[in-house]
Protein chains: 2
Amino acid sequence: MDKLLDILKKRHISVTEGRKKILELFLKSPGALAHADIERSTSANFDRVTVYRTLQTFVEKGIIHNIPTADNAILYALCKDNCEAGHHHDNHVHFICDNCDSTICLEKVAVPEVKLPKGFTKKQTDVVVSGICIECK
Amino acid sequence: MDKLLDILKKRHISVTEGRKKILELFLKSPGALAHADIERSTSANFDRVTVYRTLQTFVEKGIIHNIPTADNAILYALCKDNCEAGHHHDNHVHFICDNCDSTICLEKVAVPEVKLPKGFTKKQTDVVVSGICIECK
DNA sequence: ATAGTTTTTGCAACATTATTGCACTTTTTA
DNA sequence: TAAAAAGTGCAATAATGTTGCAAAAACTAT
Ligand SMILES: [Mn+2]
Ligand SMILES: [Mn+2]
Ligand SMILES: [Zn+2]
Ligand SMILES: [Zn+2]
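These remarks concern the structure in this document. (Residues numbered from 1 in each chain as written. Chains lettered and ligands numbered in written order. Predicted model: local features only at pLDDT ≥ 70, side-chain atom pairs only at ≥ 80, totals over all residues. Heavy atoms only, no water.)

### Section: the overall build of chain A
Thinking step 1. What chain A contains, in helices and strands, is four helices and six strands.
Thinking step 2. Its C-alpha atoms give chain A a radius of gyration of 16 Å, within 12% of the compact-globule value 14 Å for 137 residues.
Thinking step 3. Taking all 137 residues of chain A together, the buried fraction comes to 47%.
Thinking step 4. Only carbon and sulfur atoms are counted for the fraction: they give 48% of the accessible area of chain A, which is about 7,800 Å².
Thinking step 5. Charge separation in chain A, taken as the distance between the mean sites of 19 positive and 18 negative side-chain charges, equals 4 Å. (Helix = DSSP H or I, 4+ residues; strand = E, 2+ residues; numbered from the N terminus. Rg over C-alpha atoms; globule rule 2.2 N^0.38 Å. Buried < 20%, exposed > 50% of the residue type's maximum accessible area, 1.4 Å probe, protein only. Areas by Shrake-Rupley, 256 points an atom, 1.4 Å probe, with all protein chains shown as cover. Lys, Arg positive; Asp, Glu negative; His and termini not counted. Charge placed at Lys NZ, Arg CZ, Asp CG, Glu CD.)

### Concerning the sheet that holds strand β2 (residues 64–67) of chain B
All names here are of chain B.
Thinking step 1. On the basis of which strands lie adjacent, the open sheet formed by three strands has the order β1-β3-β2 and antiparallel pairing. Bordering the open sheet on either side are β1 (33–34) and β2, each of which pairs with just one other strand.
Thinking step 2. As defined by bridge partners, β2 adjoins strand β3 (residues 75–78) across four bridges and the pair is classed as antiparallel. The residue of β3 that forms the bridge with Asn 66 is Tyr 76.
Thinking step 3. Against the sheet, helix α2 (residues 17–28) contacts β1, β2 and β3, and its axis sits at roughly 80° relative to β3. (Pairing = 2+ DSSP bridges. Contact = heavy atoms within 4.5 Å. Axes fitted to C-alpha atoms, helices over the stretch in contact; angles between N-to-C directions.)

### Describing the protein's contact with DNA strand D
Thinking step 1. Neighbouring residues of DNA strand D: 17 residues in total, closest Val15(A), Arg48(A), Tyr52(A), Arg19(B) and Thr50(B).
Thinking step 2. Val15(A) places a main-chain nitrogen or oxygen 2.6 Å from a phosphate oxygen of DNA strand D.
Thinking step 3. A distance of 2.8 Å separates a phosphate oxygen of DNA strand D from a polar side-chain atom of Tyr52(A).
Thinking step 4. Mapped onto the surface near DNA strand D, the elements with two or more residues apiece are α4 (48–60) of chain A together with α4 (48–60) of chain B.
Thinking step 5. The element that contributes the greatest number of residues to the surface near DNA strand D is α4(A), accounting for four residues.
Thinking step 6. For the surface near DNA strand D, the per-class residue count stands at five nonpolar, seven polar and five charged. (Near = heavy atom within 4 Å. Polar contact = N/O pair within 3.5 Å; in protein donor to acceptor, adjacent residues only side chain to side chain. Nonpolar A, V, L, I, M, F, W, Y, C, P; charged D, E, K, R; others polar.)

### A few points about the pattern of salt bridges
All names here are of chain B.
Thinking step 1. Taken as a whole and judged by the stated rule, the model has nine salt bridges over all chains.
Thinking step 2. One salt bridge in this structure joins Lys 20 and Glu 17, with 3.4 Å as the shortest N-O distance. Pair noted here: Lys 20 and Glu 17 are both in helix α2, with a separation of three residues, about one helical turn.
Thinking step 3. For Glu 17, a relative accessible area of 54% translates into the label exposed. (Salt bridge = Lys/Arg side-chain N within 4 Å of Asp/Glu carboxyl O.)

### Observations concerning the coordination of the manganese ion (ligand 2)
Residues and elements named next belong to chain B.
Thinking step 1. Coordination of the manganese ion (ligand 2) by the protein involves His 65 (NE2), His 92 (NE2), His 94 (NE2) and Cys 105 (SG), with metal-donor separations of 2.0 to 2.3 Å.
Thinking step 2. Sequence positions of the donors to the manganese ion (ligand 2) reduce to the motif H-x26-H-x1-H-x10-C. With respect to class, His 92 is no different from His 94; both count as buried. (Donors = N, O, S within 2.8 Å, 3.2 Å for Na, K, Ca; no water.)

### Points about the packing of aromatic side chains
Thinking step 1. Within the structure shown, the criterion is met by two aromatic pairs over all chains.
Thinking step 2. Seen in terms of ring centroids, Phe95(A) and Phe120(B) are 4.9 Å apart; in terms of plane orientation they differ by 75°. Their pairing is edge-to-face. Taken together, the residues span two chains, with Phe95(A) in strand β4 (residues 92–97) and Phe120(B) in the loop between β5 (103–110) and β6 (121–132). You'll find Phe95(A) and Phe120(B) in the same group, each marked buried. (Phe/Tyr/Trp six-rings, centres within 6.5 Å; stacked < 30°, edge-to-face > 60°.)

### Brief notes about the coordination of the zinc ion (ligand 4)
All names here are of chain B.
Thinking step 1. Around the zinc ion (ligand 4), the protein contributes the donor atoms Cys 97 (SG), Cys 100 (SG), Cys 133 (SG) and Cys 136 (SG), which lie 2.2 to 2.4 Å from the metal centre.
Thinking step 2. Taken together, the four donor atoms surrounding the zinc ion (ligand 4) define angles of 104 to 115° at the centre, an arrangement classified as tetrahedral.
Thinking step 3. Of note, the zinc ion (ligand 4) draws all its donor residues from one chain, in the sequence arrangement C-x2-C-x32-C-x2-C. In this pair, Cys 97 sits in strand β4 (residues 92–97) while Cys 133 sits in the segment after β6, placing the two residues 36 residues apart along the sequence.
Thinking step 4. Look at Cys 133 and you get buried, because its relative accessible area is 1%. (Tetrahedral: all angles 85-135°; square planar, octahedral: opposite > 155°, others 65-115°.)

### Observations concerning the relation of the copies chain A and chain B
Thinking step 1. Rotating chain A by 179° about the axis while translating it 0.0 Å along that axis superimposes it on chain B, leaving an RMSD of 0.2 Å. Within this description, the copies of the chain are treated as partners about a two-fold rotation axis.
Thinking step 2. Residue by residue, 100% of the interface of chain A is reproduced at the interface of chain B, so both copies engage with the same surface. (Least-squares fit on C-alpha atoms with pLDDT ≥ 70 in both.)

This is the structure:
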């Protein structure tokens, strides 16, 4: 119950109904959520614009991170790696199931080292694996 | 000159002005192209819808592949790994420059092996590295 | 608890991006 | 060169994302 408040207060952002509701969604969800998912689950209570702004705030404050996808859907997932405002460090692999279409943070699977050609400087590495998930197996 | 025809004919698709023009763009471009880039360079000659349909066809036929991005822009790049219709195998790392915003296929950098937890089946691995590119260095 | 201050929200308007059906044109096949 | 197949443009429509501003809610200090 208080977990919600904890997360929001730790980031020094106001506690509002919308933020609590959306954060709760993430806490309950096993995988990543698309913007459309969130909008669908909350449209009765909140305006579309609020959802956009809330997700943006959450990313900025290190509460959620987004996951690259080849189609143009932005996916969001809870940060579990003590991310801070303005600086994420979710160094794990993401998995997208071709069957059930769910996206999962594989917290246990670290992002491998990638050796770049001379002259390139690496800041961040994103790894997205697709295939069949453990549920669909 | 005939390279264009080669690529199209090898995939058994009709050779049209639009396809030649867009394919030429890819052949000339050093990095990946966003849909918007392509539209900008061709809008005088072709309808937006044609661009959408052409890119879709090219992906399906293994002429170009798309690159996952965290913002929701779809990027496309030429396949150089003998991809076939319905089955891509561009096993290289992609690099996005935080400075000049260009995206580059690092053909020489192979995608590293990722060990998944028991129960997951891997089909494809996408690796996107961001940082500063060799031009901006 | 209350008043003042700050932050967030909803609404409306607008902009951008993407999809579909259908008539017409171009390309391919025979 | 004619018939068939494939591709294109246009218009309509849908989906997605952004902005400014006034009202509402949350926070702060008394
Ligand atoms: Mn994650
Ligand atoms: Mn590539
Ligand atoms: Zn699955
Ligand atoms: Zn650069």
